[in-house]
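What follows is the residue order along each chain.
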Amino acid sequence: MNSRIAVVPGSFDPPTLGHIDVIRRAARLYDQLHVLVVHNPDKEAMLPIAQRLALLEQSIAEDDDIDGDVIVASWSMGLLVDYATDVGAGVLVKGIRSQVDVAYETPMAIVNRHLAHVETVFLLPDPAHALVSSSLVRQVAALGGDVSPYVPAAVARFLDTGARDII
């Protein structure tokens, strides 16, 4: 495993400015960054994986501050560490908004390290994005609110073009 290759996993349903902040900072820390849309069986997705991939790719391409080798992919079968092992990544990067996230992520980090010797690095968000989650964005969008302060421009455009019907 290479500690210069990292994976940022998430449901990204939809991608938020907090996600982009973590991706931007992680891309500066690692030689290669895989942004991985994963299927979470505990959540009912609003957007299909293909749409989340497209929105992430657009959002990353439109962000002038994201430098480096960033690969957007998806994974829905098997363990996250299987993907990390397949691409040679030695690190998972997770954005942490609160103590609730720490409590949720810590056991998984320990198991991932045990299963595949993959370390987990927690990045704290920019305070401007600390309270924004994809579920909050979905709720605001479903009620007709303006989500543009919370999501990349590509996501705001997508939601404004009638995609609210799927929320």
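Reference entry: report on the structure contained in this document. Treat the numbers as computed from the prediction; the structure is a model and nothing was measured.

What follows concerns helix α6 (residues 153-160). If you check which residues of α6 are buried, you get A154, V155, A156, F158 and L159. In this fold, the buried residues of α6 make contact with α2 (49-62) and α5 (134-142).

Moving on, we get to the nonpolar core. Grouped together as the largest cluster of nonpolar side chains are 20 residues, with contacts concentrated most on V8, I23, L33, V35 and V93. Every element with two or more residues in this core is listed here: β1 (2-10), α1 (17-29), β2 (32-38), α2 and β4 (89-95). The element best represented in this core is α1, accounting for 5 residues. Other than its neighbours up to four places away in sequence, V35 contacts V8, F12, I23, L56, I60, V70, I71, V72 and A73. Judged by nonpolar contacts, the second largest core, of 14 residues, contains V7, V38, Y83 and A84.

Quick look at α5 now. Because each turn of an α-helix spans 3.6 residues, side chains separated by three or four positions end up pointing in the same direction. Looking only at α5, the buried set comprises S134, V137 and A141. Taken end-on, α5 shows its buried residues confined to a sector of 60°, consistent with a single buried face. In this structure, the buried residues of α5 make contact with α1 and α6.

The next thing to look at is the environment of R157. In this structure, R157 sits in helix α6. The spacing of R157 and L55 is 102 residues in sequence and 10.0 Å in space, taken between C-alpha atoms. Non-local contacts of R157, meaning those with residues more than four positions away in its chain, are made with Q58 and E62.

Moving on to the pattern of salt bridges. In total, this model carries 10 salt bridges according to the counting rule given. Among the salt bridges present, the one from E62 reaches R157, with a minimum N-O distance of 2.5 Å. Highlighted residues: E62 in helix α2 and R157 in helix α6, separated in sequence by 95 residues. Taking the relative accessible area as the measure of exposure, E62 reaches 40% and is therefore partly exposed. According to the relative accessible area criterion, R157 is partly exposed, its value standing at 39%. R113 is the partner of E119 in a salt bridge, and the nearest nitrogen-oxygen pair spans 3.8 Å. Looking at R113, the relative accessible area reads 40%, which means it is partly exposed. Because the salt bridges share partners, they merge into one network encompassing D21, R24, R25 and D63.

The next point concerns the environment of A45. Among the secondary structure elements, A45 is positioned in the loop between β2 and α2. Sequence-wise, A45 and R157 are 112 residues apart; in three dimensions their C-alpha atoms are separated by 19 Å. Beyond its immediate sequence surroundings of up to four residues, A45 is in contact with D13 and R52.

Attention now moves to the packing of α2 against α6. Packing of α2 against α6 leaves a shortest axis separation of 8 Å and a crossing angle of 135°. Judged by the inter-axis angle, α2 sits oblique to α6. Between α2, through Q51, L55, Q58, S59 and E62, and α6, the contact on the second element is made entirely by A153, A154, V155, R157 and F158. A class-by-class count of the residues in the contact of α2 with α6 yields 5 nonpolar, 3 polar and 2 charged.

Rules and cut-offs
Along each chain, residue indices are assigned from 1 in the same order as the chain's sequence is written. For this predicted model, a pLDDT threshold of at least 70 governs which residues receive local features, and a threshold of 80 or more governs which side-chain atom pairs are given and counted, while totals over whole chains, interfaces and linings are taken from all residues. Where side-chain values are given, they derive from all heavy atoms of the structure, hydrogens and water being excluded. Partly exposed residues are those whose accessible area sits between 20% and 50% of the maximum for their type, while under 20% is buried and over 50% is exposed, using a 1.4 Å probe and protein chains only. Where helices and strands are cited, they refer to DSSP runs of H or I of at least four residues and of E of at least two residues respectively, numbered from the N terminus. Throughout, a contact is declared for two residues whenever any of their heavy atoms are within 4.5 Å. By nonpolar core is meant a set of buried Ala, Val, Leu, Ile, Met, Phe, Trp, Tyr and Cys residues that side-chain atoms within 4.5 Å join together. Regarding the arc, it is the one traced by the directions from the helix axis to the C-beta atoms. Here, a salt bridge means any Lys or Arg side-chain nitrogen found within 4 Å of an Asp or Glu carboxyl oxygen. For helices, the fitted line uses only the C-alpha atoms of the stretch in contact; every axis is such a line through C-alpha atoms, and the angle between N-to-C directions lies from 0 to 180 degrees. An angle below 35 degrees is read as roughly parallel, one above 145 as roughly antiparallel, one from 65 to 115 as roughly perpendicular, and any other as oblique. Lys, Arg, Asp and Glu make up the charged group, whereas Ala, Val, Leu, Ile, Met, Phe, Trp, Tyr, Cys and Pro make up the nonpolar group; the residues left over, Gly among them, are polar.

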